[in-house]
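Coordinate inspection notes
Listed here are the chains, written in short residue letters.
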Amino acid sequence: MSDPTAEFFDGLDHRGYEPLLQEATGTIRFDLEHDHGVDRWFVVIQQGDVRVSREEREADSVIRADKGLFDRIVSGEENLYAAWVRNELRAEGEVRLARLIQRAFPGPPGAHHPRMFAWERRRQA
């Protein structure tokens, strides 16, 4: 059985540099609650350089959510912003970091980056 959350964080760690986070510096801990406890993921961002671990440390920002919901978010099945609005995803501490990390999350399946859309239109013209 695959774990979408683990795949998301592994992919984020392997990217190393994420240009969408180049203006971010700080630490974020994700506390993902489930029936058997809490899974913690610790993300360090240094001007776009990203490292991910399973450390249980204090962080500049803490994001709390149900693990099942988070699995659906990183799979693109659930809308991240809608989860914020419904208060199913909560941020504490440096909220700016929590807002910036959203840039690294996938969109819905089949979604295209706006620049790719513009590139396709220019190519067809």
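What counts, and where the lines are drawn
Residues numbered from 1 in each chain as written. Predicted model: local features only at pLDDT ≥ 70, side-chain atom pairs only at ≥ 80, totals over all residues. Heavy atoms only, no water. Helix = DSSP H or I, 4+ residues; strand = E, 2+ residues; numbered from the N terminus. Contact = heavy atoms within 4.5 Å. Pairing = 2+ DSSP bridges. Axes fitted to C-alpha atoms, helices over the stretch in contact; angles between N-to-C directions.

1. Description of the side chain of glutamine 102
Within the element layout of this structure, glutamine 102 appears in the loop between helix H4 (95-101) and helix H5 (114-124). Apart from residues no more than four positions distant in its own chain, glutamine 102 is found in contact with Leu80 and Trp84.

2. A few points about the sheet that holds strand E5 (residues 89-93)
Two modes of strand pairing occur in sheets, parallel and antiparallel, and in both the strands are linked by backbone hydrogen bonds. Strand order in the open sheet formed by five strands is E3-E2-E1-E4-E5, with mixed pairing between adjacent strands. Of all strands in the sheet, those bounded by a partner on one side alone are strand E3 (49-53) and E5. Adjacent strand axes in the sheet meet at a mean angle of 20 degrees, parallel and antiparallel pairs treated alike. Here five bridges tie strand E4 (residues 61-66) to E5, and the two strands are oriented antiparallel to one another. Along E5, the bridge assignment pairs isoleucine 63 with alanine 91.

3. Quick word on the environment of phenylalanine 42
Topologically, phenylalanine 42 is positioned in strand E2 (residues 37-46). Once the C-alpha coordinates of phenylalanine 42 and glutamate 56 are considered, the two residues, 14 residues apart in sequence, prove to be 7.2 Å apart. Excluding its chain neighbours within four sequence positions, the residues that come into contact with phenylalanine 42 are Thr27, Ile28, Arg29, Arg51, Val52, Ser53, Glu55, Arg57, Glu58 and Ala59.

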